[in-house]
Amino acid sequence: MTEEPGDRAPRRGRRRLVSLGVGLVLAAGLWVGLTAAGGSAPQQAPAFSLPRLGGGHAVSYPLTGPDAHEPVVLTFFASWCTPCRSELPMVARVARQAQAARDGVVFVGVDGNDDPTSGLAFARSSGVSFAVGADTDSELAPKFALDGYPGTVFIDGSGTIVHTTHGPVSLAILESYLSQLSRT
C-alpha cells in the first residue's frame, strides 16, 4: 500500500499532540517532585514537657531561663534499644565536651517507651549529664517524625528543625551539626 501525500499531515499532527501530551505529563511530574521534595517551609520544633528521669523539674521545650533561644540537640533513646547502647555514651561524651567549651548548644534527652528506672540506670551508665525526660508512652517521637529509636533532632535557636537523624547518629554528623548550631 502506498501512502498518499495528503495522509502524512494527520499523522504528524497526532505525533505532535502525543509528544505535547507526554511533555506536559513529564513537566507536571517534575514540578510535583520538586515542590514536594524541597518546597516546604522549615518545620518548627513542637513544644513539650516531660517528667524528668530521676525526679526534679520537668524537661521542657522551648527552653526557658538562661538557656532560652539556645540551639538544642534532642536525642531520643531507650534502655532496650541495641543501637542506643553504643550511640548514647558517644552523645553524652560530645555533650560534656560542648558544655565545657561553652558553645551555647543545649543537649536534651528523651527516654522513650521505657521503664523510667531502667532508663535512668541506662542514662547514668552512659555518662549522660544533660536533662532527660521520660516519655513512657512514646508520644513525643512521632511529633518529631521519628518512628523508632535512636533518633537525633538538631534545632536552631529560633526553634527551626535543622536536621533529623533517624537511627544512630554518627560522630561526624553530630559534630558537624553541633558546629553549625553553635554558630547560630
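Anything mentioned here points back to the structure above.
Residues numbered from 1 in each chain as written. Predicted model: local features only at pLDDT ≥ 70, side-chain atom pairs only at ≥ 80, totals over all residues. Heavy atoms only, no water.

## Quick notes on the packing of aromatic side chains
- Enumeration over the complete set of coordinates arrives at seven aromatic pairs.
- Through pairs of rings, three or more aromatic residues link up here, namely Phe48, Tyr61, Phe76 and Phe144.
- Positioned above the aromatic ring of Phe122 is the side chain of Arg85, whose terminal nitrogen or guanidinium carbon lies 5.6 Å from the ring centre. (Phe/Tyr/Trp six-rings, centres within 6.5 Å; stacked < 30°, edge-to-face > 60°. Lys NZ or Arg CZ within 6 Å of the ring centre and 35° of its normal.)

## Focus on the state of the cysteines
- In this structure the tally under the stated criterion is one disulfide.
- Across the disulfide, Cys81 is cross-linked to Cys84 (sulfur-sulfur distance 2.3 Å). In this structure the cystine formed by Cys81 and Cys84 twists about its S-S bond by roughly 80 degrees; its chirality is therefore right-handed. (Disulfide = S-S within 2.5 Å.)

## Notes on the nonpolar core
- Counting 48 residues, the largest nonpolar core has Leu74, Phe76, Phe107, Phe144, Ile155 and Leu174 as its most contacted members.
- For this core, the element with the highest residue contribution is helix H2 (residues 84–101), accounting for eight residues.
- Those residues within four positions of Phe107 in sequence are excluded, and the remaining contacts are Val73, Val91, Val94, Ala95, Ala98, Phe130, Ala131, Leu174 and Leu178. (Core = buried A, V, L, I, M, F, W, Y, C linked by side-chain atoms within 4.5 Å. Buried < 20%, exposed > 50% of the residue type's maximum accessible area, 1.4 Å probe, protein only. Helix = DSSP H or I, 4+ residues; strand = E, 2+ residues; numbered from the N terminus. Contact = heavy atoms within 4.5 Å.)

## Brief notes about the sheet that holds strand E4 (residues 106–112)
- Read from one edge of the open sheet, five strands run E5-E4-E3-E6-E7, paired in mixed fashion. Of all strands in the sheet, those with a lone pairing partner are strand E5 (132–135) and strand E7 (161–166), marking the two edges. If you compare each strand with its neighbour and ignore which way they point, the axes differ by 15 degrees on average. (Pairing = 2+ DSSP bridges. Axes fitted to C-alpha atoms, helices over the stretch in contact; angles between N-to-C directions.)

## Some remarks on the pairing of strand E6 (residues 151–155)
- Taken across its five residues, E6 has five buried, putting it largely inside the fold.
- The alternating pattern of E6 places Gly151, Val153 and Ile155 and Thr152 and Phe154 on opposite faces, both of which are buried.
- Relative to E6, strand E3 (residues 72–77) runs antiparallel, the two being bridged by five bridges. Within E6, the position partnered with Leu74 by the bridge is Val153.
- In textbook terms, the turn of a hairpin is the stretch between consecutive antiparallel strands, and for E6 and E7 this stretch comprises five residues, one of which, Gly159, has a positive phi near 90 degrees.

## Description of the pairing of E7
- Across five bridges, the pairing between E6 and E7 is antiparallel. The residue of E7 that forms the bridge with Phe154 is His163.

## Some words on helix H4 (residues 171–182)
- With twelve residues, H4 should reach 16 Å at 1.5 Å per residue; the first-to-last C-alpha distance of 16 Å fits that figure.
- Considered for burial, the residues of H4 that qualify are Leu174, Tyr177, Leu178 and Leu181. Along the axis of H4, the buried positions cluster into a sector of 105 degrees, meaning they face one direction only.
- Looking at the packing, one finds that the buried side of H4 touches E3, H2, E4, E6 and E7. (Expected span 1.5 Å × (residues − 1). Arc of directions from axis to C-beta.)

## Some words on the environment of Pro168
- On the secondary structure map, Pro168 appears in the loop between E7 and H4.
- Separated by 83 residues in sequence, Pro168 and Arg85 have C-alpha atoms that sit 10.0 Å apart.
- For Pro168, the contacting residues outside a window of four places in its chain are Pro83, Glu87 and Pro150.

## Some words on the side chain of Glu87
- When you line up the elements, Glu87 lands in helix H2.
- Nearest to the buried, unbridged Glu87 among oppositely charged side chains is Arg93, at 12 Å.
- Here the side chain of Glu87 touches Val169 through a polar contact of 2.7 Å, landing on its backbone nitrogen.
- Those residues in contact with Glu87, other than ones at most four positions away along the chain, are Thr75, Pro150, Thr152, Gly167, Pro168 and Val169. (Lys, Arg positive; Asp, Glu negative; His and termini not counted. Salt bridge = Lys/Arg side-chain N within 4 Å of Asp/Glu carboxyl O. Polar contact = N/O pair within 3.5 Å; in protein donor to acceptor, adjacent residues only side chain to side chain.)

## Some words on the packing of H2 against H4
- The geometry of H2 relative to H4 is characterised by a closest axis approach of 11 Å and an angle of 30 degrees between their N-to-C directions. Relative to H4, H2 is oriented roughly parallel. Our pair here, H2 against H4, has a crossing hand that is right-handed. From H2, Met90, Val91, Val94 and Ala98 reach across to H4, where they touch Leu171, Leu174 and Leu178.
- Across the contact of H2 with H4, the residue classes tally to seven nonpolar, no polar and no charged. (Parallel < 35°, antiparallel > 145°, perpendicular 65-115°, else oblique. Left-handed = near helix turned anticlockwise from the far one by under 90°. Nonpolar A, V, L, I, M, F, W, Y, C, P; charged D, E, K, R; others polar.)

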